[in-house]
Amino acid sequence: MDVLGVDACGKQGWVGITLTDGAYAGSLVDLRLDSLIERAAGVRVIAVDMPLGLVEKGWRAADLAARALLGARRGSVFLIAPRPAWQEPDYVAAADRCQELTGNRLSRQAWALAPKLAEARACWLADRRLHEVHPELSFQTLAGGMPLTHAKKTWRGQHLRRSLLAEAGIVLPDALGEADRVPADDVLDAAVAAWSAHRIARGTAGRVPETPEPDAEGRAVEIRF
């Protein structure tokens, strides 16, 4: 059984880690998410670290639930604005629209996701294999439900995450091929997204919230892990 985990990686576009029967099978890097998915033809499930489903008003229940589960690492989950805010042409207009629909303004960090969010959402609406994941939720699950004590950009944090993946049977080689030039934290996030994809394919993955909200297109607004 083949699955794919994907993370955004700045100007390089997207990095993907593929698993076969739960074990590392390779890496892919592509400027476009749809191209990367096309190159990973035949995978059963695709897990993407990017907001996919959007609500019409208020904050997403998925983000609030994820923050509650993560405790000390709750800041790794951005609150994602309602769909109308993402249709605005610039940050100021989007923040104003978010204020109207949620009572708070959209952060600049969240707005920086806009191009990648739109790209991932288009793929999600076109392909039911795609599921939204959040790496910190997945790593916390790998760690037995305990929040990780070191951030993913630190030496300790990266060593811990790579060790957790190895204990789960995902041994990342020193030479990754296409992903060799991708920042280590993005590779680790893509790998744990693939771990979640494998769990989704097996029917053992968790989700927040327990009762998902509906997206305007009828899809469930949820985070799997």
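Residues numbered from 1 in each chain as written. Predicted model: local features only at pLDDT ≥ 70, side-chain atom pairs only at ≥ 80, totals over all residues. Heavy atoms only, no water.

**Q** Could you give an account of the packing of aromatic side chains, naming the residues involved and the relevant values?
**A** One pass over the structure, following the stated rule, counts one aromatic pair. An angle of 15° between the planes, with centres 5.8 Å apart, marks the rings of Trp 86 and Trp 111 as stacked. Here Trp 86 is found in helix H3 (residues 83–86), whereas its partner Trp 111 is found in helix H5 (residues 108–111), with 25 residues between them in sequence. Since its relative accessible area comes to 13%, Trp 86 is described here as buried. The aromatic ring of Trp 14 is capped on one face by Lys 116, whose charged end is 5.8 Å from the ring centroid. Against the face of Phe 139 rests Arg 161, its NZ or CZ located 5.6 Å from the ring centre. (Phe/Tyr/Trp six-rings, centres within 6.5 Å; stacked < 30°, edge-to-face > 60°. Helix = DSSP H or I, 4+ residues; strand = E, 2+ residues; numbered from the N terminus. Buried < 20%, exposed > 50% of the residue type's maximum accessible area, 1.4 Å probe, protein only. Lys NZ or Arg CZ within 6 Å of the ring centre and 35° of its normal.)

**Q** How would you summarise the confidence of the model for the protein chain if you had to cite specific residues and measurements?
**A** A residue-level look at the protein chain finds 100% of positions with pLDDT of 70 or above and a mean pLDDT of 97. Summarising per-element confidence for the protein chain, the mean pLDDT is lowest in H5 (93) and highest in strand E1 (residues 2–8) (99). (pLDDT = per-residue confidence, 0-100.)

**Q** Hey, could you go over the packing of helix H2 (residues 61–70) against helix H7 (residues 135–142) for me, with residue numbers and the actual values?
**A** Relative to each other, H2 and H7 sit at 40°, their axes nearing to 10 Å. By the angle between their axes, H2 is oblique relative to H7. Crossing of H2 against H7: the hand is left-handed. Contacts from Ala 66, Leu 69 and Leu 70 in H2 reach Glu 136, Leu 137 and Gln 140 in H7. Residue classes in the contact of H2 with H7 are distributed as four nonpolar, one polar and one charged. (Axes fitted to C-alpha atoms, helices over the stretch in contact; angles between N-to-C directions. Parallel < 35°, antiparallel > 145°, perpendicular 65-115°, else oblique. Left-handed = near helix turned anticlockwise from the far one by under 90°. Contact = heavy atoms within 4.5 Å. Nonpolar A, V, L, I, M, F, W, Y, C, P; charged D, E, K, R; others polar.)

**Q** Lay out the layout of surface pockets with the relevant residues and their values.
**A** By volume, the largest pocket is sized at about 790 Å³. Along its surface, the largest pocket is lined by 32 residues, and Asp 49, Ser 76, Phe 78, Leu 113 and Lys 152 are the ones closest to its centre. Contributing elements (two or more residues each) for the lining of the largest pocket: E1, helix H6 (114–126), H7 and helix H9 (184–202). For the lining of the largest pocket, the per-class residue count stands at 14 nonpolar, five polar and 13 charged. Estimated volume of the second largest pocket: approximately 310 Å³. (1 Å grid on protein atoms, 1.4 Å probe; cavity = no way out; pocket = protein on both sides within 12 Å on 5 of 7 lines; lining within 4 Å. Points joined across faces, edges and corners; volume = space filled by probe spheres on them.)

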